[in-house]
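Structure at a glance
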Amino acid sequence: MNEVGTLIRDGGAFYLRRDVGGRFELELQRTPVDLVEKRVHLVGTIIGPGLVSADGVSAA
């Protein structure tokens, strides 16, 4: 899957707030703290309801 949205942090978890509405919780290999509260492009795999294993997160 490919999505664009805003990377947000809520407690100890990271989420993608999707441009089209809704949000996904992210399983990340690395913590992209420099991209929090910024627009990002996410490439990943849906592994459960509202849960995505992120292969890559980059600035949009």
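**A few points about unusual backbone geometry**
Despite not being glycine, E37 has its phi angle at roughly 70°, a positive value. Structurally, E37 is set in the loop between strand 3 (23–27) and strand 4 (39–48). Assessed through its relative accessible area of 53%, E37 is described here as exposed.

**Brief notes about the pairing of strand 1 (residues 2–10)**
Of the strand pairs in this sheet, strand 1 and strand 4 are connected by five bridges, and their pairing is antiparallel. The residue bridging E3 from the neighbouring strand is L42, located in strand 4. Inspection of the sheet shows strand 1 paired to strand 2 (residues 13–18) by six bridges, in the antiparallel sense. Paired with G5 across the two strands is R18, which belongs to strand 2. In this antiparallel pair of consecutive strands, strand 1 and strand 2, the connection spans two residues, and G11 shows a positive phi of 65°.

Cut-off values and rules
Residues numbered from 1 in each chain as written. Predicted model: local features only at pLDDT ≥ 70, side-chain atom pairs only at ≥ 80, totals over all residues. Heavy atoms only, no water. Helix = DSSP H or I, 4+ residues; strand = E, 2+ residues; numbered from the N terminus. Buried < 20%, exposed > 50% of the residue type's maximum accessible area, 1.4 Å probe, protein only. Pairing = 2+ DSSP bridges.

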